[in-house]
Structures are given as structure tokens and as C-alpha cells.
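The chain contents come next:
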Amino acid sequence: MKALFLTEVGKSEVCEIEKPVPKPNEVLLKVEMVGFCGGDMNGFKGLFPLQEYPNILGHEVGALIEELGGDVPQQFRIGSKVTLYPYLACGTCVACRKGRPNACKTNKTMGVRRPGAMTRYVCAPWQDLFPSDKLSFRELALAEPLTVGFHAVARGRVSAEDCVAVLGCGIVGLGAVASAVNRNATVIAIDLDDSKLEIARKIGVAHTINPSKEDLHERLQEITNGDGPDVIIEAVGSPTTYRAAVEEVAFLGRVVCIGYAKAPVEFNTSLFVQKEIEILGSRNCVGRTDFPEVIAYLEAGKFPVDEVISKVISIDEGPETLKSWAENPQGIIKIMIDFDR
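Every value quoted in this text rests on a predicted model; they were computed, and no experiment measured them. (Residues numbered from 1 in each chain as written. Predicted model: local features only at pLDDT ≥ 70, side-chain atom pairs only at ≥ 80, totals over all residues. Heavy atoms only, no water.)

A. Representation of the packing of aromatic side chains in the model. Scanning the model with the defined rule gives 9 aromatic pairs in all. Within the aromatic cluster, the residues linked to one another by ring pairs are Tyr85, Tyr87, Phe130 and Phe291. Here the guanidinium or amino end of Lys19 rests over the ring plane of Tyr121, the centre of that ring lying 4.2 Å away. Across from the ring centre of Phe137, 5.6 Å away, lies the NZ or CZ of Lys81, which sits over that ring. (Phe/Tyr/Trp six-rings, centres within 6.5 Å; stacked < 30°, edge-to-face > 60°. Lys NZ or Arg CZ within 6 Å of the ring centre and 35° of its normal.)

B. Structural view of the sheet that holds strand E4 (residues 55-56). Here 3 strands make up an open sheet; going across it, the order is E2-E1-E4 and the pairing antiparallel. The outermost strands of the open sheet, each flanked by one partner alone, are strand E2 (11-16) and E4. With 6 bridges joining them, strand E1 (residues 2-8) and E2 adopt antiparallel strand pairing. Residue pairing for E2: Lys2 is matched across the bridge by Glu16. Across the sheet, helix H11 (residues 318-327) touches E1 and E2, and the angle it forms with E2 is around 165°. (Pairing = 2+ DSSP bridges. Helix = DSSP H or I, 4+ residues; strand = E, 2+ residues; numbered from the N terminus. Contact = heavy atoms within 4.5 Å. Axes fitted to C-alpha atoms, helices over the stretch in contact; angles between N-to-C directions.)

C. Looking closely at unusual backbone geometry. Here the amide bond leading from Tyr53 into Pro54 is cis, since omega sits at -15°, within 30 degrees of zero. Residue position: Pro54 is located in the loop between helix H1 (38-45) and E4. Here the phi dihedral of Asn25 falls at roughly 70°; this positive angle occurs in a residue that is not glycine. Residues other than glycine seldom take positive phi values, yet Asn284 does so here, at roughly 55°. Of note, Asn284 is situated in the loop between strand E16 (278-281) and helix H9 (287-299).

D. Expanded view of the layout of surface pockets. The calculated volume of the second largest pocket comes to roughly 330 Å³. Lining of the second largest pocket is provided by 22 residues; of these, Met110, Arg114, Pro115, Val122 and Cys123 occupy positions nearest its centre. Counting residues per element, the ones that place at least two in the lining of the second largest pocket are strand E7 (87-88) and strand E9 (121-125). With 5 residues, E9 is the largest single contributor of residues to the lining of the second largest pocket. Within the lining of the second largest pocket, the residues separate by chemical class into 15 nonpolar, 2 polar and 5 charged. (1 Å grid on protein atoms, 1.4 Å probe; cavity = no way out; pocket = protein on both sides within 12 Å on 5 of 7 lines; lining within 4 Å. Points joined across faces, edges and corners; volume = space filled by probe spheres on them. Nonpolar A, V, L, I, M, F, W, Y, C, P; charged D, E, K, R; others polar.)

E. Molecular detail of helix H5 (residues 194-203). If you check which residues of H5 are buried, you get Lys196, Leu197, Ile199, Ala200 and Ile203. Down the axis of H5, the sector holding all buried residues measures 155°, keeping them to one side. Check the buried side of H5 and you find it contacts helix H4 (171-182), strand E12 (186-190), strand E13 (207-209), H9 and helix H10 (305-308). Once H5 ends, the next one or two residues include Gly204, with phi positive near 125°. (Buried < 20%, exposed > 50% of the residue type's maximum accessible area, 1.4 Å probe, protein only. Arc of directions from axis to C-beta.)

As C-alpha cells, then:
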């Protein structure tokens, strides 16, 4: 069967691999849809420090249960539609011991530090599966990137009393937008791409800002009556947006960082003290809480699924698509492989 490998920086190819066989406590999944992550593009460009080569890409999965290994509970049935928790924690490091395996020191994400799901069949532990026969395979493949945004909002302890600004409206940023809106916060979406801001409006944000067309500081001050947002979520990974998050957040506010900055960031650290702000990292998601929340949100039909999927391709188109996306990422939110194409 075919699999899309990231072979080295700047190179990917489709190779043939053997179909796997499920072990006890595993299921065999027939992958129907799998999404490209922004990390895949950064891995292709050599900008993602955790990426290992060569590796089969892919961890955003919509699949069918094809076969059951031994000792799989009865609630998992052949033919059920599922998505997949793609992270593997060590279970012994300090983060794991404290019940936060999403921040495991040696976490191995599918497609990054172990083989991924850009192939027709994969095996997975039943404990990592989240079923939903209500959702399409496209929706199931969107669940994982949305959980990353939902987790960031949970890290920021967002409530209905908060004004939340999200810097960056890629799929993870839109996940944060969706979660904050779902918690009835007042949400401000910020991006340089008007088409992404239009999607944020359909999700239900109160305000949008395009900093290439209006002054970010002035607009945030206007919207918040001079206070600044209570929570700012950084979902870009740029020194400019990291600094903006610290500068624009309200006194006693929370800054939640999702994006990996591609270069060192210099801060005026006096703002940390004067404002008494909290700066919180947010990594991956917590499967037992974030996946059920996202699946329930998608099942309620609140998210504009079709509008965030920029392109659907076959696996054979993967190498050229990844190359062209890395060269020109503008306007792309989500690219997916459909294995029936």
C-alpha cells in the first residue's frame, strides 16, 4: 500500500509499505481522510525542531474500523467511524506523573517522531480512538487540529466574562476561536488574511482585525475600552505576534502560546511584572477532555467545515502539493488526502 514519506528536508515521496496487522488491544483502521498539519510544512522546510526523517506524515485522521485485535472492548465495532489521538507519552516523566501526558518530555506524535497515517491502513490502540458515526470523515480529520485550539482556550481558563483575542486564524487558531465563542466569551480574531477573518465571523466572533489595514493597538484599545484583552492566544509562531501578545494583553491578563516561534523573541520583560500577567504554554491536547468536547461541538454543526478545507488531493499528489504549499502558504487553511480519489 502507498504511504507519503517526508524523506529529508525539502523532499517527500510516495513509497510502498506492508499492510499492518493489529496486535492485542489494537484495531486496524482504514484511513479515509487525513489532513496535512502546519507542522508537516515546517518539517518539509526544516523549521520544525521535533521532526524526524524519514517518516510517514499524518496525524489528523478520519477512518473506519476494519479489524479488531484481541482484547478490544465490545463498544468498538467493525465499520464504526473514528478519529485518532495521535500522541504517545512515556508515562514516567514529570509531566506524565502529574497527569499531563500532552506535555510529555519524550512525546512521540504520529508523523513527527513515529510513523504517521498518510497511508491506507494503520494500527492504533483502542484507547486512542474517538468514535462518531454522526460526523463525516472530513469532520473527523478536522477534530485533532481543533483540539489543539480548544486545549489552548482551556489553558487560558476562558470564561464568558473574558474578552479573548486570537492572533492567527489558521486551523489551530480557528479552533481557539471556536472554543472561546463556545464558552460565550467576547472574541476578537486577528489575521492578515481577510478570507480567514470571514470564516472567524461565521464561527461567531464579535470583532475582526486585519493589522495590515488598521492599527492593531488602536483597535484593541477601542474594542476593550482601553483595557486590552483579558486573554490573548498566540497561534502564529512569529516574534512579532509573540511581542504583540505581551504588549496588548490587559493588566492581570493571560497570554497563551501555541505557535513555535521560528526565531528568537526579545521582550520588554518589565511588562511581565508591571501587568502581573500569566504566560502559559499550550501543547497538543488532552485526549480524555479535548476530543470529546470537539466532537460534540462538530456534531452540533457549529463549525464551517467545508470552508476551512482549502484542497482535497490523492496521495499521489502529496509530494508536489507539499512542495507548492511550502513555497506559497498564503490562503491555505487545510489540505486533506482522500484515499478514495
